[in-house]
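# An overview of the molecular structure
The primary structure of each chain is shown beneath.
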Amino acid sequence: MMKKLILILALSFSFHTLCAQQKDRKFDKEKFKAELYQYITNQASLTSQEAAAFFPLYEEMLVKQRALFVKKKKSCKTKPADEKGCRQLILNMDKLEIEMKEIQAQYHKKFLHVMPASKLYDVLKAEENFHRQAFKRVAHRRR
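## Points about the packing of aromatic side chains
- Inspection of every chain in the model, using the stated rule, returns nine aromatic pairs.
- Considering the side-chain rings of Y39 and F130, the 5.5 Å spacing of their centres and the 50° angle between planes classify their relative orientation as tilted. With Y39 in helix α2 (residues 29-43) and F130 in helix α5 (residues 117-142), this pair connects stretches of sequence that are 91 residues apart. F130 shares its class with Y39; the two are buried.

## Some words on the pattern of salt bridges
- Tallied over the entire structure, the rule returns five salt bridges.
- Notably, a salt bridge pairs E59 with R66, separated by 3.7 Å at the nearest N-O pair.
- R66 gets classed as partly exposed once you look at its relative accessible area, which sits at 24%.
- For the salt bridge of E128 with R132, the shortest nitrogen-to-oxygen distance reads 2.9 Å. Taken as a pair, E128 and R132 lie in helix α5 at a separation of four residues, close to a single helical turn.
- On the accessibility criterion, R132 (32% relative accessible area) is partly exposed.
- Sharing partners across several salt bridges, the network here consists of K33, E59 and R66.

What counts as what
- Residues numbered from 1 in each chain as written.
- Predicted model: local features only at pLDDT ≥ 70, side-chain atom pairs only at ≥ 80, totals over all residues.
- Heavy atoms only, no water.
- Phe/Tyr/Trp six-rings, centres within 6.5 Å; stacked < 30°, edge-to-face > 60°.
- Helix = DSSP H or I, 4+ residues; strand = E, 2+ residues; numbered from the N terminus.
- Buried < 20%, exposed > 50% of the residue type's maximum accessible area, 1.4 Å probe, protein only.
- Salt bridge = Lys/Arg side-chain N within 4 Å of Asp/Glu carboxyl O.

What follows is the structure, encoded as structure tokens:
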């Protein structure tokens, strides 16, 4: 599950980076978010009440996870000069990944208060599929 979270986050951030690098097309964060929310709503058959309760919590989770992802990314910019430094960097990266997973687990519990587990399962699958499709579209455009 942690690998899946990391994959989703990596795909999401890769998608953002790839889109931003395209000269002829600027990445529209709000459009991407709206498309994601619409896709999740449709694929998971969320009611308007479920969507209204879910998406603010979802956004909170993403903000917290992104902060840790950025921290992790910054720490990996340069390779430490010695074994001790490399070891510490690896342990710090592991710690950040665990923190991201703990945030996800905390929010899954919150999500379960606003929708049944079967719908949350559908939401998680929809999110994963959306990011995978978006990444493929961007990769295809770059060819």
